[in-house]
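Fold and geometry: a report
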Amino acid sequence: MTLTFSDEQEELRASVRRFLADKAPTQAVRRAVETDEGHDPAVWEQMANQLGLHGIALPEEFGGLGFGAVELGIVLEELGRALSPEPFLSTVALAGRALAISTDAALQARWLPGIVEGTITAALAVAEPGGGWNLDAVSTTAEPYEDGYVLTGTKDFVIDGESADLLLVVAIAGGAPALFAVDAAAGPAGLTRTRLAVLDQTRRLARIELAGTPAQRVDAPEGHLRRVLDLALIALTAEQVGIAQACLDLSVEYAKVRVQFGRPIGSFQAIKHKCANMLVQLEAARSALYHAASLAADPDADPVELAGAAAVCAAWAGDTAVQIAKETIQIHGGIGYTWEHDSHLFLKRAKSSELLFGTPALHRARLANLVGM
């Protein structure tokens, strides 16, 4: 395993960064989140057809590029750095990957080509009121009906769930949690979707209510759902690393040009120490991320080791992104608190992401259990 990037991976990063700087600067993001879609459909289409990003980590037989978690992490890091509101995390990194690592060839053939082409959006619905992303707390039920199942229950904090064409829902069948596909675009019976009020305007969350909603069970190997959730933690960490990098870049640039007492504020020891500490925290998070991504890319990796690496990512990156975003506002002083400055957008995304898949404290407790503490 190596934690250095190849020339091709560096070029991927550079290409995505150039594209987002050109097509989706923060001014465009601010406009896009106010629209009915919550993102820019033109940018979404170009990401799929010009850059091929939607298929970056999806199988080649369904039109994808067949790369792994490292390349996906690079893309997600850049999307986080740009505060992209596009439904990439939900569609590609969560739902798309959940299908891709299943054994259900029929559902893969039905949905993955559309995801790769950018014509289908998808969402993964796990969390429930009061239960979070704990599989042991799932109460949504799946009952056999005709040639499929019907689902009953409520899912909360579903990323892009209000508009997704495909919903992948975790429900209890035969006493154990399993994954089910709901064709939300067809307007199935008993499906109600409600947009939630959120702190972070750049990411939409929804409540999904299911009342006898028809679904198809996703065939999958043992341990599939646990791996799906670990991959989700790694994907979110990549976004958080990108957020932290953007905040550090903003802070360093401002420290160079803001003059106080006749000197750039970056020459003062207090600001130097802040920036140095931010860099150390960021690089630790990035190292944890790509160690976990390398494990996720290895089909022979020990599932317990992957789970531990994912827990380290979630435990460290959430706190890190929030802390660096807060320091960015401090370094910018009064202007950092204004609506016009981007600092508050990064802090809101960082804070909401910190809690999205469970608090850092929860993941630290999980890590302790994995190592027998």
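The structure displayed is predicted, hence computed values, not measured ones.

1. A word on the packing of aromatic side chains
The full count for this structure, using the stated rule, is 3 aromatic pairs. Ring geometry for Phe5 against Tyr290: centres 4.9 Å apart, planes inclined by 90°, an arrangement best described as edge-to-face. Taken together, the residues Phe5 in the segment before α1 (7–23) and Tyr290 in helix α8 (residues 269–297) connect sequence positions 285 residues apart. Note on Phe5: relative accessible area 25%, which makes it partly exposed. Given a relative accessible area of 4%, Tyr290 falls into the buried group. Above the plane of the ring of Phe5 lies Arg13, whose end atom (NZ or CZ) is 5.2 Å from the centre.

2. Looking at the UniProt feature "domain: Acyl-CoA oxidase/dehydrogenase middle" (unreviewed entry) in the protein chain
Per the UniProt record, the feature "domain: Acyl-CoA oxidase/dehydrogenase middle" (unreviewed entry) sits at residues 123–195. Helix and strand shares over residues 123–195 are 0% and 56% respectively, and the end C-alpha atoms of the span are 14 Å apart.

3. Comments concerning the nonpolar core
Across soluble globular proteins, nonpolar side chains have a tendency to be buried as a group. Core analysis: the biggest nonpolar cluster contains 100 residues, and Leu76, Phe88, Leu168 and Phe357 have the highest contact counts within it. The element best represented in this core is helix α7 (residues 224–257), accounting for 18 residues. With near-sequence residues (within four places) excluded, Leu168 lies in contact with Ala95, Ala98, Leu99, Ala123, Leu124, Ala125, Leu179, Phe180, Ala181 and Val218. Core analysis: the next-biggest nonpolar cluster, separate from the first, contains 19 residues, Leu151, Val158, Leu167 and Val182 among them.

Cut-off values and rules
- Residues numbered from 1 in each chain as written.
- Predicted model: local features only at pLDDT ≥ 70, side-chain atom pairs only at ≥ 80, totals over all residues.
- Heavy atoms only, no water.
- Phe/Tyr/Trp six-rings, centres within 6.5 Å; stacked < 30°, edge-to-face > 60°.
- Helix = DSSP H or I, 4+ residues; strand = E, 2+ residues; numbered from the N terminus.
- Buried < 20%, exposed > 50% of the residue type's maximum accessible area, 1.4 Å probe, protein only.
- Lys NZ or Arg CZ within 6 Å of the ring centre and 35° of its normal.
- UniProt positions renumbered as here; feature names shortened; annotations may be inferred.
- Core = buried A, V, L, I, M, F, W, Y, C linked by side-chain atoms within 4.5 Å.
- Contact = heavy atoms within 4.5 Å.

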